[in-house]
Amino acid sequence: MAAVDRNAVALGVPRKQLMESSGNAVARAVREHAAAGASVAVVAGRGNNGGDAFVAARFLDDFDVTVHLLGRPESITTTISRENWDALQAAELDAHAVSDSRALALDDPALVVDGLLGTGVSGAPREPEATAVREINDTDATVVSVDVPSGVDADTGETPGVAVDADHVVTFHDVKPALADREDVTVADIGIPETAELFVGPGDCQRLQRDPQSHKGDFGRVLVIGGGPYTGAPALTAQAALRAGADLAYLAVPDSIAETVQGYSENLIVDSFVGTRLLAEHVPELLERAADVNVVVLGPGLGDADDTLAAVRRFLAAFDGKVVVDADALQVVPDVETDASLVCTPHQGELRGMGGPSAADWRERADAVTAFADELGHALLVKGACDVISDGQATRVNRTGNPGMTVGGTGDVLAGVTAAMFSTMDALPAASIAAYANGRAGDDVVDDYSYGLLATDLLDALPAALWGDDNE
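To start, this report covers the structure provided alongside it. Keep in mind it's a predicted model, so treat the numbers as computed, not measured.

### As for helix α10 (residues 306–318)
Here's step 1: With 13 residues, α10 ought to run about 18 Å at 1.5 Å a step, and its terminal C-alpha atoms sit 19 Å apart, in line with that.
Here's step 2: Buried within α10 are the following residues: Thr308, Leu309, Ala311, Val312, Phe315 and Leu316. For α10, the buried positions fall inside an angular range of 155° around the axis, keeping them on one side.

What follows is the structure, given as structure tokens:
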């Protein structure tokens, strides 16, 4: 939901408008559960959950409303929540800050609005919220919670500490996992467009936040098996994986090109195999190397020699890990039985070569790609003016990118970004974020190079595309 909310903003729906709609929905629920003129105590936290509660208070002018902000006004964490607190003050509503939860006096209201903690909070409530939760539970009032009862983990439903015992929950846009089995839930439409879930956007990149206690290797070891006829493709893929956050990038390339590939960057770990191209005899050795990484990228620069494609078939048939399949290696996927989890990254011509569909309109293509991914049993990232990403069950569409990215090598960069994402998450979100970031990097550099941009130009633009301020 955090991702959907951010994506809605990127589509032009202001956060302030979403909060206004959320607060209005809470106010409607209050009217359903309390008689006009009844006393209502709004207990609000310092985040957007509290902001929703502030808005609700403004819509309840036919009730005896008191707003209790738990904490100092200057500690309200978001601008829009602070603006809505200021609106209460300007209207001279009964709204006051409670700096010490022990001083929270609810005075036996008919109804309490619980706006303390939202969906973004996990773990047991700390003070002063824990005491406030107990105070709410000690009343005889009807309790309406905003989005999720405070103290309940929205993802798991667990209550690691105290939690509000809500009589009714008003949640927004969609049912949170923790609320799935409850009958006292209203799902309010707050104006988030359906496309906020269909189109990949900056909100999806919020998955990329890292634990400060992380160690080397926690964010992926990637092995790129490629090269032979071409040297730049596997090097681009490995460098892109690193720029997209993978901790280590290894290359398995023919020893005839190993020195050239290593020369592209000192950040690459090149471990060659004998010969001038991939052959079936190399597969046992490569399977051993693949067992020590999180994701394999198979295809960049391999070429389409019959004996090389036979080696690709043998590798996939024997491997059971994660693989990003790209370029000439794609054509063998439909005929191989494998226990590996695949993300295939064809352009539309390569998709037809796999026996897949062709459609000019992205809406028709999305439906067709979904059906083909389901038939194939693997995730697809079909490149185009609008990229279509599907695992056969769910489908996303990416609209970043520009015509300058028809230059050779941008697909190799995409394969590397996909591998970095796939090393820490499932196939569909990995491929979706990769498509978005690759296209956004292209959009960022096209202003400098116009249609003379190169695939290498994308590499330095990837970090901002993934972790830039616009994604927050």
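Still more to cover.
### What to know about the side chain of Asp457
Here's step 1: Mapping Asp457 onto the fold places it in helix α15 (residues 455–467).
Here's step 2: Buried charge without a salt bridge: Asp457, with Arg243 as the nearest opposite-charge side chain at an N-O distance of 12 Å.
Here's step 3: Beyond its immediate stretch of four places on either side in the chain, Asp457 contacts Val445 and Tyr449.

### Regarding the sheet that holds strand β13 (residues 341–344)
Here's step 1: The strand order across the open sheet built from nine strands is β10-β9-β8-β11-β12-β13-β14-β15-β16, with neighbouring strands paired in mixed fashion. Looking at the sheet topology across the chains shown, the edges are occupied by β10 (269–270) and β16 (395–398).
Here's step 2: With four bridges joining them, strand β15 (residues 387–390) and β16 adopt antiparallel strand pairing. The residue of β16 that forms the bridge with Ile389 is Arg396.

### What to know about the pattern of salt bridges
Here's step 1: Per the stated rule, a full pass over the model turns up 17 salt bridges.
Here's step 2: Across the pair Glu285 and Arg289 runs a salt bridge, and its minimum N-O distance is 2.2 Å. With Glu285 and Arg289 both in helix α9 (residues 283–290), this residue pair falls four residues apart, about one helical turn.
Here's step 3: Taking the relative accessible area as the measure of exposure, Glu285 reaches 34% and is therefore partly exposed.
Here's step 4: In this structure, a network of salt bridges that share partners links the residues Asp271, Glu285 and Arg289.

### Some thoughts on the layout of surface pockets
Where empty space is left becomes clear once a probe the size of a water molecule has been rolled over the atoms.
Here's step 1: Approximately 1,800 Å³ is the volume found for the largest pocket.
Here's step 2: In this structure, the largest pocket is lined by 50 residues; those nearest its centre are Met1, Ala2, Ala3, Thr119 and Gly120.
Here's step 3: Sorting the residues of the lining of the largest pocket by element identifies α1 (2–10), α2 (15–33), α3 (48–58), α4 (79–90), α6 (195–198), β16 and α14 (427–449) as the ones contributing at least two each.
Here's step 4: Per element, the largest residue contribution to the lining of the largest pocket is five residues, and it comes from α1.
Here's step 5: For the lining of the largest pocket, the per-class residue count stands at 20 nonpolar, 16 polar and 14 charged.
Here's step 6: As for the second largest pocket, its lining consists of 25 residues, of which Lys383, Met405, Thr406, Thr410 and Gly411 are closest to the centre.
Here's step 7: Of all elements in the fold, only α11 (348–353), α13 (410–422) and α14 reach the threshold of two or more residues within the lining of the second largest pocket.
Here's step 8: Examining the composition of the lining of the second largest pocket, we find that four residues originate from one element, α13, more than from any other.
Here's step 9: Each residue belonging to the lining of the second largest pocket can be placed in one class, and the counts come to seven nonpolar, 13 polar and five charged.

### So, the side chain of Thr400
Here's step 1: As for its position among the elements, Thr400 is in the loop between β16 and α13.
Here's step 2: The class of Thr400 is buried, set by a relative accessible area of 14%.
Here's step 3: Reaching out from Thr400, the side chain makes a polar contact with the side chain of Asn398 at a distance of 2.9 Å.
Here's step 4: Engagement of the side chain of Thr400 in a polar contact is seen with the backbone oxygen of Tyr436, the distance being 3.0 Å.
Here's step 5: Leave out the neighbours within four places in its chain, and Thr400 touches Asp387, Ala435, Tyr436, Gly439, Arg440 and Asp443.

### Structural notes on the pairing of strand β8 (residues 221–225)
Here's step 1: For β8, the buried fraction is high: four of the five residues fall into the buried class.
Here's step 2: Pairing between β8 and strand β9 (residues 248–252): five bridges, direction parallel. The partner of Leu223 across the bridge, within β9, is Tyr250.
Here's step 3: Once the chain exits β8 it traverses helix α7 (residues 232–243) before rejoining the sheet at β9, and the crossover so formed is right-handed.
Here's step 4: Pairing geometry for β8 and strand β11 (residues 295–298), over four bridges, is parallel.

Conventions used here
Residues numbered from 1 in each chain as written. Predicted model: local features only at pLDDT ≥ 70, side-chain atom pairs only at ≥ 80, totals over all residues. Heavy atoms only, no water. Helix = DSSP H or I, 4+ residues; strand = E, 2+ residues; numbered from the N terminus. Expected span 1.5 Å × (residues − 1). Buried < 20%, exposed > 50% of the residue type's maximum accessible area, 1.4 Å probe, protein only. Arc of directions from axis to C-beta. Lys, Arg positive; Asp, Glu negative; His and termini not counted. Salt bridge = Lys/Arg side-chain N within 4 Å of Asp/Glu carboxyl O. Contact = heavy atoms within 4.5 Å. Pairing = 2+ DSSP bridges. 1 Å grid on protein atoms, 1.4 Å probe; cavity = no way out; pocket = protein on both sides within 12 Å on 5 of 7 lines; lining within 4 Å. Points joined across faces, edges and corners; volume = space filled by probe spheres on them. Nonpolar A, V, L, I, M, F, W, Y, C, P; charged D, E, K, R; others polar. Polar contact = N/O pair within 3.5 Å; in protein donor to acceptor, adjacent residues only side chain to side chain. Right-handed = clockwise from strand over helix to strand, strands pointing away.

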